[in-house]
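Residue strings, one per chain:
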Amino acid sequence: MNWKEQVGGWLRPLVYLGRNPISLIGAVLTTSSAITIVAFWLFEIVLGGGAGVYPYAGILFYLILPAVFILGLLLMPAGALLRRYRLRKQGLLPTIYPRVDFTHPLLRRATALISVATFLNIVIFTTASYKGVQYMDSVRFCGTTCHTVMQPEYTAYLHSPHSRVACVQCHIGPGASWFVRSKLSGVKQVFAVLFDTYPRPIPSPIGDLRPARATCEQCHWPQRFEGNILLVLNHYEEDEANTSDTTVLVMKVGGQSANGPEGIHGHHLAPGTKITYIALDTQRQVIPVVTYTDASGKSITFRSTSIKATPQQLAAGEHRVMDCMDCHNRPTHTFQLPGDALDDAMQHGYISTSLPYIKREALAVLKAKYPNRPDARSRIASTLENFYKTQYPQVIAKQSAQLRQAIQRVQAIYSRNVFPAMDVTWGTYINNLGHMNWPGCFRCHDGSHVAANGQVIPNDCSTCHDILAMSEHNPKVLNELGMK
Ligand code: HEC
Ligand code: HEC
Ligand code: HEC
Ligand code: HEC
Ligand code: HEC
């Protein structure tokens, strides 16, 4: 037997079995997608892009083409195996496989070629998987791929203190098991979007959000001593002069000090302590039972005297360990109510308080119902313009720049908070930090959560903050602090 026959004999089954439409399609798919993918990577390097820069192109280059590449790799052996199976069934399969002789150069070259191709395929495969994962973890992918669905959360996120923190740092956190979990639930969500069966609005709280320990606490140190924070909160009345009322609070955020746990963070987050509660509703607003366990393991249970619940209701309720999210449930998707948003804009000068009745009029246009966002923008502008044209022509004459700026701001407030396509409107998402617009802290600190020994979860106004001024026009304390 000469060498040609030997090599031929060795390669013949491969070539023979590989010569089938399925394997050929596989080879074409793998080669062409590999070339395209590598070309895109080079393009990315030249343009200095990165995963997630191109939201839609990304789906093609990071997810679909790598999938085609892998499909091709799988089709090649699959076609050969299928052909072998068929031939064997027909009794046409060659039975003699010749001896393999590696001393022969042509065989060595053929083997080298196959090895290099395999090595390249492994490199392309691992790089593509890494890039695919990176892409799926990018803010662009999470925030903009399913544009309408994520628009409310993405918009609020962009205007929040966490706008430079990736979605996955709060929603997934480190570790492989949560990554896999999130991707599995992601598949379900993709189907919900494809078949348009997703809920509007997206429900909150998220039932299986990862506990804060593995997300928030990767950046924020819970024992850090924040101390007291001075809060100056301006509100504006709906009168002609938009009279301001100022509340000045010293918020006792506290933390861990030499004297032990202090203030709000200190009492809720002290090492070794734990607060658990039972909520009767999915929004976690109705809390009949709270248990506080101190560092020594001693626990005390507070029961609400105002919420009636049967043992069955309690057993069926959500049992939860309190963490950052029970107070800071809107650290980044911070939707505002129209009054608060206007007060904020007026306090920071984006809406001039010298425009007569601007608070009252802006509030009315914000609260009105509009079929969609473009319509809202134009009606907000025309309604406010008409009001000043008919009631205060001097504003149109002398303050048109201020009016234009105010209108733009009112439109922006609407755009950041109301999303008719997702049924998200004012107050859809509850904010638990505080007690003015929603029960918030008072879900537990309402003075009616009492323990068997008579101890009450404290409710006096100075437990959480000292009130230095309450709804005053020009409070004296701000002058004393040199803040006016
Ligand atoms: C700073 C942390 C943080 C970041 C960053 C973050 N989220 Fe969230 N997200 C939260 C918290 C906290 C909740 C509310 C969870 C709860 O109450 O159970 C939430 C809730 C949501 C919800 C459910 C609806 C709602 O408003 O409660 C969606 C959808 C969502 N986030 C999407 C995103 C997307 C998309 C991004 C990136 C563009 C992102 N999140 C970035 C912390 C974060
Ligand atoms: C990747 C790091 C990172 C993660 C994760 C993170 N944060 Fe933050 N957070 C920051 C940074 C940085 C700031 C300061 C932003 C600034 O001052 O502009 C901040 C600010 C805050 C503030 C102050 C906001 C304000 O109005 O000034 C709160 C409250 C907060 N984070 C809560 C949370 C909560 C709750 C979570 C978990 C759901 C969380 N953070 C997760 C980095 C992070
Ligand atoms: C019992 C409710 C509660 C819990 C639990 C809680 N916080 Fe806070 N936190 C507050 C309040 C109230 C403030 C004051 C903010 C305000 O009023 O504007 C605050 C303020 C902050 C600030 C801003 C401090 C500053 O200097 O501006 C950060 C950051 C923060 N919290 C992070 C966290 C993190 C991270 C966790 C979880 C480890 C957490 N908080 C748990 C109630 C809470
Ligand atoms: C799920 C129930 C619950 C919620 C919601 C809650 N707390 Fe508490 N809080 C407790 C319990 C339980 C204690 C411990 C009571 C004790 O020390 O006997 C406590 C203690 C405190 C203390 C220390 C009181 C003291 O003894 O000096 C402060 C301050 C405080 N909470 C502030 C807040 C603030 C601010 C909020 C809202 C942002 C809030 N809490 C929301 C359950 C809650
Ligand atoms: C369990 C803690 C807690 C108790 C008790 C408490 N507050 Fe507050 N209060 C808060 C928090 C948290 C905020 C939110 C501050 C912010 O807007 O960042 C707040 C905000 C306020 C504000 C400012 C609201 C605004 O938007 O102008 C006022 C006024 C106020 N509280 C009054 C009171 C009064 C009066 C009492 C006594 C009946 C009281 N609080 C008891 C925690 C508490």
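Residues numbered from 1 in each chain as written. Chains lettered and ligands numbered in written order. Predicted model: local features only at pLDDT ≥ 70, side-chain atom pairs only at ≥ 80, totals over all residues. Heavy atoms only, no water.

1. Quick notes on the overall build of the chain
- On a plain count of helices and strands, the chain comes out with 17 helices and nine strands.
- Relative to a compact globule of 484 residues, whose C-alpha radius of gyration would be 23 Å, the chain shows 32 Å and is clearly more extended.
- Dimensions of the chain, computed from the C-alpha atoms along their principal axes, are close to 105 × 70 × 45 Å.
- Counting every position in the chain, which comprises 484 residues, the buried fraction comes to 35%.
- Sequence separation of at least 24 residues holds for 67% of the intrachain contacts in the chain that already meet a minimum separation of 6.
- A total of about 27800 Å² of accessible surface is found on the chain, and carbon and sulfur atoms cover 62% of it. (Helix = DSSP H or I, 4+ residues; strand = E, 2+ residues; numbered from the N terminus. Rg over C-alpha atoms; globule rule 2.2 N^0.38 Å. Buried < 20%, exposed > 50% of the residue type's maximum accessible area, 1.4 Å probe, protein only. Contact = heavy atoms within 4.5 Å. Areas by Shrake-Rupley, 256 points an atom, 1.4 Å probe, with all protein chains shown as cover.)

2. As for the site of ligand 5
- Looking at ligand 5, there are 19 residues lining it, with His 235, His 435, Cys 461, Cys 464 and His 465 nearest.
- A distance of 2.7 Å separates a nitrogen atom of ligand 5 from a polar side-chain atom of His 435.
- Contributions of two or more residues to the shell around ligand 5 are made by strand 1 (227-236), strand 2 (244-257) and strand 9 (465-472).
- A breakdown of the residues in the shell around ligand 5 according to their chemical character gives 11 nonpolar, seven polar and one charged. (Near = heavy atom within 4 Å. Polar contact = N/O pair within 3.5 Å; in protein donor to acceptor, adjacent residues only side chain to side chain. Nonpolar A, V, L, I, M, F, W, Y, C, P; charged D, E, K, R; others polar.)

3. Side note on a nonpolar patch on the surface
- On the surface, Val 187, Val 190, Phe 191, Leu 194 and Phe 195 cluster together into a nonpolar patch covering about 520 Å² of accessible area.
- Along the polypeptide, Phe 191 turns up in helix 8 (residues 176-194).
- The class for Phe 191 is partly exposed, based on a relative accessible area of 46%. (Patch = residues over 30% accessible without salt bridge, like charges linked within 9 Å, V, L, I, M, F, W, Y side chains within 5 Å. Salt bridge = Lys/Arg side-chain N within 4 Å of Asp/Glu carboxyl O.)

4. Remarks on the domain arrangement of the chain
- When the domains of the chain are assigned, the result is domain 1 (3-136), domain 2 (140-209), domain 3 (227-331 + 433-480) and domain 4 (338-422).
- Each of domain 1 and domain 3 has a C-alpha centre, and the two are 61 Å apart. (Domains from an automatic or database assignment.)

5. Here's the deal with the coordination of the iron atom of ligand 3
- Donor atoms from the polypeptide that bind the iron atom of ligand 3 are His 265 (NE2) and His 328 (NE2), placed at 2.0 Å.
- Relative to the metal, the six donor atoms surrounding the iron atom of ligand 3 lie at angles of 87 to 178°, and the coordination shape comes out octahedral. Of this pair, His 265 sits in helix 9 (residues 263-269) while His 328 sits in the loop between helix 11 (324-327) and helix 12 (338-347), placing them 63 residues apart in sequence. (Donors = N, O, S within 2.8 Å, 3.2 Å for Na, K, Ca; no water. Tetrahedral: all angles 85-135°; square planar, octahedral: opposite > 155°, others 65-115°.)

6. What about the sheet that holds strand 4 (residues 274-279)?
- Read from one edge of the open sheet, five strands run 7-4-5-6-8, paired in antiparallel fashion. The open sheet terminates on both sides in strands that have one partner only, identified here as strand 7 (318-321) and strand 8 (449-451). The mean inter-strand angle of the sheet, taken between neighbouring strand axes irrespective of direction, is 20°.
- Bridge analysis of strand 6 (residues 299-304) against strand 8 gives three bridges, and the strand direction is antiparallel. For Ser 304, the partnering residue across the bridge sits in strand 8 and is His 449. (Pairing = 2+ DSSP bridges. Axes fitted to C-alpha atoms, helices over the stretch in contact; angles between N-to-C directions.)

7. Focus: the coordination of the iron atom of ligand 1
- Those protein atoms acting as donors to the iron atom of ligand 1 are His 171 (NE2) and His 333 (NE2), and they sit at 1.9 Å.
- Relative to the metal, the six donor atoms surrounding the iron atom of ligand 1 lie at angles of 86 to 180°, and the coordination shape comes out octahedral. Remark: His 333 occurs in the loop between helix 11 and helix 12 and His 171 occurs in helix 7 (residues 167-171); sequence separation between them is 162 residues.
- His 171 gets classed as partly exposed once you look at its relative accessible area, which sits at 36%.

8. Section: the site of ligand 3
- In the vicinity of ligand 3 lie 17 residues, with Glu 226, His 265, Cys 324, Cys 327 and His 328 positioned nearest.
- At 3.0 Å, a side-chain N or O of Glu 226 approaches an oxygen atom of ligand 3.
- Between His 328 and ligand 3, the recorded distance is 2.8 Å, taken from a side-chain N or O atom to a nitrogen atom.
- Where the shell around ligand 3 is concerned, the elements lending two or more residues are strand 1, strand 2, helix 9 and helix 11.

9. Some words on the nonpolar core
- Of all hydrophobic cores here, the largest spans 29 residues; its most connected members are Leu 342, Ile 351, Leu 366, Ile 380, Tyr 388, Val 410 and Tyr 414.
- Elements represented by at least two residues in this core include exactly helix 12, helix 13 (358-367), helix 14 (373-391) and helix 16 (400-417).
- Dropping the residues within four chain positions of it, Leu 342 is found in contact with Ile 351, Lys 359, Ala 362, Leu 363, Leu 366, Val 410 and Ile 413.
- Counting residues in hydrophobic clusters, the runner-up holds 11 residues, among them Phe 61, Tyr 62, Phe 69 and Ile 124. (Core = buried A, V, L, I, M, F, W, Y, C linked by side-chain atoms within 4.5 Å.)

10. Concerning the pattern of salt bridges
- Under the counting rule described, the total for this entry stands at 12 salt bridges.
- Between Lys 359 and Asp 343 there is a salt bridge, with the nearest N and O atoms lying 2.8 Å from each other. Placement of the pair is Lys 359 in helix 13 and Asp 343 in helix 12, with a sequence separation of 16 residues. With respect to burial, Lys 359 and Asp 343 carry one shared label: buried.
- Taking the shortest distance from any N to any O, the salt bridge between Asp 375 and Arg 379 comes out at 3.0 Å. Of this pair, Asp 375 and Arg 379 both sit in helix 14, four residues apart, which is roughly one turn of that helix.
- Three or more residues are tied together by salt bridges with common partners; here these are Arg 320, Asp 323 and Asp 326.

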